[in-house]
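In case you want the letters, here they are:
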Amino acid sequence: MAYAGSDRAGGTGRMPVTIKILIAGGFGVGKTTLVGSLTEIRPLRTEEPLSEPGAGVDRLDGVERKTTTTVAMDFGRITIRENLVIYLFGTPGQERFWFMWDELSRGALGAIVLADTRRLADCFPSVDYFEQRGIPFVVGVNCFDGARRYRGETVRSALDLDPRIPVVMCDARQRPSCRDALIALVEHSLQVLRNRTDPANDGDPALTS
Amino acid sequence: MPSPDDHWLDEEAGPVVRPYALTRGRTRPTGEALDLIAIITAVRGVRPDPSSLGPEHRSVLRMCRLPISVADIASELDLPLGVVRILLGDLSELSLISIHHPIPPARLPDADILKEVVDGLRRL
């Protein structure tokens, strides 16, 4: 969809402000469900060079020296108002697609790292990734049916998270719940950005660097 | 003798062309990497030389009559991002499009925009 209403004639109109938010977490944790609860999911594919771990998985016969593989991502858009739009990108869950993350995360406002308490370790790599790069994130605990419920503090402690990083309970199938997780992320990112502008607010180099 | 896998018909998609055939084998755009959420707008009043553009260039150019993001173009045209970036690089070299790079979050004009985002999300 195109943006309407920008002033094309003089070139002085307000260009759209676009905001990128990533939905990360392990394979099968509910990233696609979350994006789909918030907006219409649209397919986005990219042809990427074959990485070593994938080379044994992709069929190499029939195509002369096939050196790329197709990676499909979930992609959705939330229009806040004309010319102010959030783009959601579900990061590819399999580890062999990690090389795409740097490009995806460049310029991102932040990320929701979805966690499943039955397989908590699956979200460790995402948590590490965003921590190391100073990209604001919140942990969304996707409350699956039948999974034992844990308190946010228990999850925080299991993930060894900085106390300032929000842990929110959510149900990826429920729009209001996903919306609240997204709000928690934007508010957290706002806080992190403020602290970076004025480090006196917060001296933790892990968050202010 | 061609193997059964060499046919040109994808089971669902009909005729297929290897994506980078559209870009004459190029796999990297010429200019700087375009962000997924960069906004592209066709430059008005410039008539492209018909011989310089392939059908995919024209499709992309048509989509950019109104400002549109790189991700939206790739999704709407069902082309891989890498291919769309190369096509956009060509169009940019021909001065047929203008590119509006996204503002990094740290340099958003003011925090009010993010507050507006929060308010907007609450209304969802």
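Residues numbered from 1 in each chain as written. Chains lettered and ligands numbered in written order. Predicted model: local features only at pLDDT ≥ 70, side-chain atom pairs only at ≥ 80, totals over all residues. Heavy atoms only, no water.

K.L.:
Talk me through the pairing of strand 5 (residues 110-115) of chain A; I want residue IDs and the actual numbers.
P.N.:
Residue and element names in this part refer to chain A. Within strand 5, six of the six residues are buried, which leaves it mostly tucked inside the rest of the structure. Bridge count between strand 1 (residues 17-25) and strand 5: five bridges; the pairing is parallel. Looking across to strand 5, one finds that glycine 25 is bridged to leucine 114. One ladder, built from five bridges, connects strand 5 with strand 6 (residues 137-142); its direction is parallel. Looking across to strand 6, one finds that alanine 111 is bridged to phenylalanine 137. Considered for its hand, the β-α-β crossover made up of strand 5, helix 4 (residues 124-133) and strand 6 is right-handed. (Buried < 20%, exposed > 50% of the residue type's maximum accessible area, 1.4 Å probe, protein only. Helix = DSSP H or I, 4+ residues; strand = E, 2+ residues; numbered from the N terminus. Pairing = 2+ DSSP bridges. Right-handed = clockwise from strand over helix to strand, strands pointing away.)

K.L.:
Before we move on, could you go through the packing of helix 1 (residues 55-63) of chain B against helix 2 (residues 70-77) of chain B and cite the residues and values that matter?
P.N.:
All names here are of chain B. Direction vectors running N to C along helix 1 and helix 2 enclose 125°, while the axes themselves pass 10 Å from each other. Taken together, the axes of helix 1 and helix 2 lie oblique to each other. Crossing geometry of helix 1 relative to helix 2 is assigned as right-handed. Along its contact with helix 1, which presents Ser59, Val60 and Met63, the element helix 2 presents Ile73, Glu76 and Leu77. Split by residue class, the contact of helix 1 with helix 2 holds four nonpolar, one polar and one charged. (Axes fitted to C-alpha atoms, helices over the stretch in contact; angles between N-to-C directions. Parallel < 35°, antiparallel > 145°, perpendicular 65-115°, else oblique. Left-handed = near helix turned anticlockwise from the far one by under 90°. Contact = heavy atoms within 4.5 Å. Nonpolar A, V, L, I, M, F, W, Y, C, P; charged D, E, K, R; others polar.)

K.L.:
Give me the lowdown on the packing of aromatic side chains, citing residues and values where you can.
P.N.:
All names here are of chain A. Taken as a whole and assessed by the stated rule, the structure comprises seven aromatic pairs over all chains. With 6.4 Å between their ring centres and 15° between their planes, tyrosine 87 and phenylalanine 89 make a pair best called stacked. For phenylalanine 89, a relative accessible area of 0% puts it in the buried group. Ring geometry for tyrosine 129 and phenylalanine 130: centres 5.3 Å apart, planes at 85°, overall edge-to-face. A residue is classified by how much of its surface remains accessible, and tyrosine 129, at 4% relative accessible area, is buried. Taking the relative accessible area as the measure of exposure, phenylalanine 130 reaches 1% and is therefore buried. Among the aromatic residues, those joined into a ring-pair cluster are Trp101, Tyr129, Phe130 and Phe137. (Phe/Tyr/Trp six-rings, centres within 6.5 Å; stacked < 30°, edge-to-face > 60°.)

K.L.:
Outline empty space enclosed by the protein, supporting the account with residue identities and numerical values.
P.N.:
Enumeration according to the criterion identifies two cavities of 30 Å³ or more in this entry. Of the volumes computed, that of the largest cavity is approximately 60 Å³. Lining the largest cavity are A:Thr18, A:Ile19, A:Lys20, A:Gly107, A:Leu109, B:Asp35, B:Ile37, B:Pro102, B:Ile103, B:Pro105 and B:Leu108. Each residue belonging to the lining of the largest cavity can be placed in one class, and the counts come to seven nonpolar, two polar and two charged. (1 Å grid on protein atoms, 1.4 Å probe; cavity = no way out; pocket = protein on both sides within 12 Å on 5 of 7 lines; lining within 4 Å. Points joined across faces, edges and corners; volume = space filled by probe spheres on them.)

K.L.:
Just give me the short version of the nonpolar core, but keep the residues and values in it.
P.N.:
Counting 56 residues, the largest nonpolar core has A:Leu44, A:Phe89, A:Phe130, A:Phe137, A:Val139, B:Ile73 and B:Leu88 as its most contacted members. Per-element tally for this core: the top contributor is helix 3 (residues 81-93) of chain B, with six residues. In this view, B:Ile73 contacts B:Ile40, B:Val60, B:Met63, B:Cys64, B:Ile68, B:Val84 and B:Leu88; residues no more than four positions away in its chain are not counted. Ranked by size, the runner-up nonpolar core spans 35 residues in total, among them A:Val29, A:Leu38, A:Ile80 and A:Val168. (Core = buried A, V, L, I, M, F, W, Y, C linked by side-chain atoms within 4.5 Å.)

K.L.:
Tell me about the interface of chain B and chain A, residues and numbers included.
P.N.:
It is common to report an interface's size as the accessible area lost on association of the parts. Listed per partner, the contact involves 46 residues of chain B and 49 residues of chain A. Together, B:Ile37, B:Leu121 and B:Leu124 form the three largest contributors to the area buried by chain B at its contact with chain A, with a combined 15%. Run the count over chain B and chain A and you get eight salt bridges. A salt bridge links B:Asp78 to A:Arg45; its shortest N-O distance comes to 3.1 Å. Those elements that place two or more of their residues in the side of chain B that touches chain A are strand 3 (39-42), strand 4 (68-69), helix 2, helix 3 and helix 4 (112-122) of chain B. Take the side of chain B that touches chain A: its biggest share by element is nine residues, from helix 4 of chain B. (Buried area = accessible area lost by both parts, 1.4 Å probe. Salt bridge = Lys/Arg side-chain N within 4 Å of Asp/Glu carboxyl O.)

K.L.:
Outline the pattern of salt bridges, listing residues and values.
P.N.:
Residue and element names in this part refer to chain A. The full count for this structure, using the stated rule, is 18 salt bridges over all chains. Arginine 133 is the partner of aspartate 102 in a salt bridge, and the nearest nitrogen-oxygen pair spans 3.5 Å. With aspartate 102 in helix 3 (residues 101-105) and arginine 133 in helix 4, this residue pair connects regions lying 31 residues apart in the sequence. Aspartate 102 gets classed as partly exposed once you look at its relative accessible area, which sits at 44%.

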